[in-house]
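# Chain and residue survey
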Amino acid sequence: MSQKPVRVRFAPSPTGPLHMGGVRTALYNYLFAKKNNGTFLIRIEDTDQTRFVPGAQEYIMDALKWCGIMPTEGPGLGGNYGPYVQSERKEMYQPYAEQLVKEEKAYYAFDSAEELDNMREQAKKMGMPNWQYNSVTRTSMRNSLTLPQTEVDRLLAEGEPYVIRMKMPRNRDIRFHDIIRGWVVVNTNNLDDKVLFKSDGMPTYHLANIVDDHTMEISHVIRGEEWLPSAPLHVMLYEAFGWDCPEFAHLPLLLRPDGNGKLSKRDGDRLGFPVFPTDWTTAEGELYSGYREKGYLPGAFINMLALLGWNPGTTQEIFTLDELVEAFSLDRVSKAGAKFDPEKTKWFQQQYLRAQSDEEIALKLQEISENEYNFETLKAVCHLMKERATFVQDILTDGAYLLARPTVFDRETISKKWKPETTAVIEEWKNELAQINEFNSTNVETAFKAFLERKQMGIGAVLLPFRLAVTGVGAGPGMFDISAFLGKDEVVARIELGLKKITEILNEA
Ligand code: GLU
């Protein structure tokens, strides 16, 4: 590992909302920086103005904030290496491109879009569908390598549009080390002469990325695997400028739950889970759902993402952010793509919900329900329901019968499980309940056991009908706890009402 202070960056392009793969990249950068007492910064790569989407940058910052993984340098955050938005650094790049031309490591190319299209067409006709501007073809194109110097000077002076292209050497093996993938070797014959600087006065991603990583003193480039094919060019650029190369770590792809291909923006809502951290509405009004709005806790989302491609080397699954920082290392990131698991994601959410105190959840419920219920009541409802809920709002929906008498009864379970003699048994049990002096969970349970014993009946034959009468549904928290929560009078009243309702349902059937 390099001796330089650790400085890492998350470098999204503001071309739309941040996919959860992007959040994972940001997370691993964050964890790596914290673990190594380094700096995590964000740089907005907006050199491709044609793909710029208004609101995307704000979305990205807001999403990182929600996730709790804010960088310490970046637009609006300060830092000594700014500006942190590439379009605001526009003036910086041209001199670097010109320097490479002067040193004959790059060249001006004047070919128009039509000329390039023509070349591609001709090549296609000759059976070469993938024409490239490279060390071979450049000799027959209109550039500063083929045109006489006087002509080049004239074109430049007359303001003829041009781009600056990298002059890829022929037949050289470029070797670089990737922390996750080990040694990577690529021959330059397989690389084209990428455009570094465009006629609109903007650098391309490649040039801007290298100039910025160098000037921002980035020590480690941690980014998605889709950038691995660009890395040899980047290595060549560092060499061309005579700069030290940062260390590289290319993270594995996130795959669809069936392992069949990359998890794409479109998959999420199609497959029934969000792929974005927070909701995003397109200019056309199309909504892409986010984890935040679905009710996920940021800790659960981050915990799940951390384990998507990295493992701690132990069986531990639940990690606070601090614990992740402590445990994280790039050498435990796998090369193989990581399959996204929506069910496991829900499991994380359940664990995080359970770990919250009744007070914390009750406060949220109070907000959701706009103070409709008493706080102590909500706290007790949370206590009863949280083990069974996935999202905070489930407590209100699944536990609605705790806050109000049930109006809906589970017809299916009733018609399946209610026996002709059940009504009389529940009537009798209701009378037993009415006799209990101190109406708490233990006393209700004791009375219930005694009742079963006396009636010589099994638990199921009485407990389920009791539950159906009181709550309207066939499953939920312990009935003795529910009874204690509702209180004797309410339980007795509900059984009376419930039996009426159930009789109606049975008569209809
Ligand atoms: N702007 C690139 C992106 O959108 C960044 C790639 C990199 O980190 O070098 O992902």
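Above this text is the structure in question.
This write-up is about the structure you can find in this document. (Residues numbered from 1 in each chain as written. Predicted model: local features only at pLDDT ≥ 70, side-chain atom pairs only at ≥ 80, totals over all residues. Heavy atoms only, no water.)

### A word on the overall build of the protein
Within the protein one finds 22 helices and 13 strands. For the protein, whose C-alpha radius of gyration is 32 Å, the value lies well above the compact-globule estimate of 23 Å for 509 residues. Here the protein holds 509 residues, and the buried ones make up 49% of them. Put simply, 70% of the contacts in the protein that link residues at least 6 apart link residues at least 24 apart. Surface exposure of the protein reaches about 24,300 Å², of which carbon and sulfur atoms provide 50%. Computing the positive centroid from 59 side-chain charges and the negative centroid from 72, the protein places the two 4 Å apart. (Helix = DSSP H or I, 4+ residues; strand = E, 2+ residues; numbered from the N terminus. Rg over C-alpha atoms; globule rule 2.2 N^0.38 Å. Buried < 20%, exposed > 50% of the residue type's maximum accessible area, 1.4 Å probe, protein only. Contact = heavy atoms within 4.5 Å. Areas by Shrake-Rupley, 256 points an atom, 1.4 Å probe, with all protein chains shown as cover. Lys, Arg positive; Asp, Glu negative; His and termini not counted. Charge placed at Lys NZ, Arg CZ, Asp CG, Glu CD.)

### Description of unusual backbone geometry
With an omega of -5 degrees, the peptide bond between Gly82 and Pro83 qualifies as cis. Considering the arrangement of structural elements, one finds Pro83 in the loop between helix H2 (56-67) and helix H3 (90-102). Within the chain, Glu104 stands out as a residue other than glycine whose phi angle is a positive 60 degrees. Looking at the secondary structure, you find Glu104 in the loop between H3 and strand S3 (106-109). When its relative accessible area of 59% is taken as the criterion, Glu104 is described as exposed.

### Overview of the pattern of salt bridges
Counted under the stated rule, the structure contains 38 salt bridges. Across the salt bridge formed by Glu432 and Arg454, the nearest N and O atoms sit 2.6 Å from each other. A residue pair is termed long-range when its members are at least 10 positions apart, and Glu432 in helix H18 (residues 422-435) and Arg454 in helix H19 (residues 441-455) qualify at 22 residues. Under the relative-accessibility criterion, Glu432 is labelled partly exposed at 27%. (Salt bridge = Lys/Arg side-chain N within 4 Å of Asp/Glu carboxyl O.)

### Quick look at the nonpolar core
Tyr28, Ile69 and Phe301 are the most contacted members of the largest nonpolar core, which totals 58 residues. Looking at this core, the elements that each hand over two or more residues are strand S1 (7-10), helix H1 (20-35), strand S2 (39-42), H2, strand S9 (247-251), helix H10 (298-306), helix H11 (321-327) and helix H12 (342-355). Considering every element that reaches this core, the biggest residue donor is H1, with 9 residues. When residues no more than four places from it in sequence are discounted, the contact partners of Phe301 are Met20, Val23, Trp66, Cys67, Pro277 and Tyr291. (Core = buried A, V, L, I, M, F, W, Y, C linked by side-chain atoms within 4.5 Å.)

### Focus: the environment of Val8
In this fold, Val8 is placed in strand S1. Here the alpha-carbon distance between Val8 and Trp131, two residues 123 residues apart in the chain, equals 36 Å. Not counting residues up to four positions away in its chain, the partners in contact with Val8 are Asn29, Phe32, Ala33, Thr39, Phe40, Leu41, Ile218, His220 and Ile222.

### Focus: H2
Between its first and last C-alpha, H2 extends 16 Å over 12 residues, near the 16 Å set by a 1.5 Å rise per residue. By the burial criterion, the buried members of H2 are Ala56, Tyr59, Ile60, Met61, Ala63, Leu64, Trp66 and Cys67. Residues of H2 that are buried make contact with S1, H1, S2, strand S11 (280-281), helix H9 (291-294) and H10. (Expected span 1.5 Å × (residues − 1).)

### So, the pairing of strand S5 (residues 173-178)
In S5, alternate side chains face the same way, and those of Ile174, Phe176 and Asp178 are buried while those of Asp173, Arg175 and His177 on the opposite face are not. By the bridge criterion, 6 bridges tie S5 to strand S6 (residues 182-187) in an arrangement that is antiparallel. Along S6, the bridge assignment pairs His177 with Trp183. In sequence, S5 turns back onto S6 through a hairpin of 3 residues. (Pairing = 2+ DSSP bridges.)

### Some remarks on the environment of Ile505
Mapped onto the elements of the fold, Ile505 is located in helix H22 (residues 488-508). Considering only alpha carbons, one finds Ile505 and Phe409, 96 residues apart in sequence, at a separation of 8.7 Å. Setting aside residues up to four positions removed in sequence, Ile505 forms contacts with Phe409, Arg411 and Ile414.

### Focus on the sheet that holds S3
Across the sheet, 3 strands lie side by side as S3-S4-S7; this open sheet has antiparallel pairing. With one partner strand each, in any of the chains shown, S3 and strand S7 (195-197) form the two edges of the open sheet. Across the sheet, the mean angle separating the axes of adjacent strands is 45 degrees when strand polarity is ignored. Pairing geometry for S3 and strand S4 (residues 163-166), over 4 bridges, is antiparallel. Of the residues in S4, the one forming a bridge with Ala109 is Val163. (Axes fitted to C-alpha atoms, helices over the stretch in contact; angles between N-to-C directions.)

### Quick word on the site of the ligand
Neighbouring the ligand are Arg9, Ala11, Ser13, Glu45, Tyr205, Asn209, Arg223 and Trp227. The side chain of Tyr205 places a nitrogen or oxygen atom 2.8 Å from an oxygen atom of the ligand. A distance of 2.8 Å separates an oxygen atom of the ligand from a polar side-chain atom of Arg223. In isolation the ligand exposes 300 Å². Once the protein is present, 85% of that is buried. Of the residues in the shell around the ligand, the class split is 3 nonpolar, 2 polar and 3 charged. (Near = heavy atom within 4 Å. Polar contact = N/O pair within 3.5 Å; in protein donor to acceptor, adjacent residues only side chain to side chain. Nonpolar A, V, L, I, M, F, W, Y, C, P; charged D, E, K, R; others polar.)

### Structural notes on the packing of aromatic side chains
Counted under the stated rule, the structure contains 26 aromatic pairs. For the pair Tyr59 and Trp280, a centre-to-centre distance of 5.4 Å together with 90 degrees between the ring planes defines the contact as edge-to-face. Residue Tyr59 is located in helix H2, and its partner Trp280 is located in strand S11; the two are separated by 221 residues in the primary sequence. For Tyr59, a relative accessible area of 6% puts it in the buried group. On the basis of relative accessible area, Trp280 is assigned to the buried category, the value being 11%. Between the aromatic rings of Tyr296 and Phe391, the centroid separation amounts to 4.9 Å while the plane-to-plane angle is 75 degrees, which identifies the pairing as edge-to-face. Taken together, the positions of Tyr296 in the loop between H9 and H10 and Phe391 in the loop between helix H14 (375-385) and helix H15 (392-398) put the pair 95 residues apart, joining distant regions of the chain. By relative accessible area, which is 8% here, Tyr296 ends up buried. Ring-pair connections join several aromatic residues into one group, and the members of that group are Trp66, Tyr291, Tyr296, Phe301 and Phe391. Here the basic side chain of Arg7 rests over the ring of Tyr81, its NZ or CZ set 3.7 Å away from the ring centre. (Phe/Tyr/Trp six-rings, centres within 6.5 Å; stacked < 30°, edge-to-face > 60°. Lys NZ or Arg CZ within 6 Å of the ring centre and 35° of its normal.)

### Quick word on the packing of H18 against helix H20 (residues 459-471)
Remark: H18 packs on H20, axes separated minimally by 10 Å, with the N-to-C direction vectors making an angle of 80 degrees. Comparing their axes, H20 and H18 come out roughly perpendicular. Contacts between H18 and H20 pair Thr422, Val425, Ile426, Trp429 and Leu433 from the former with Val462, Pro465 and Phe466 from the latter. The residue makeup of the contact of H18 with H20, split by class, is 7 nonpolar, 1 polar and no charged. (Parallel < 35°, antiparallel > 145°, perpendicular 65-115°, else oblique.)

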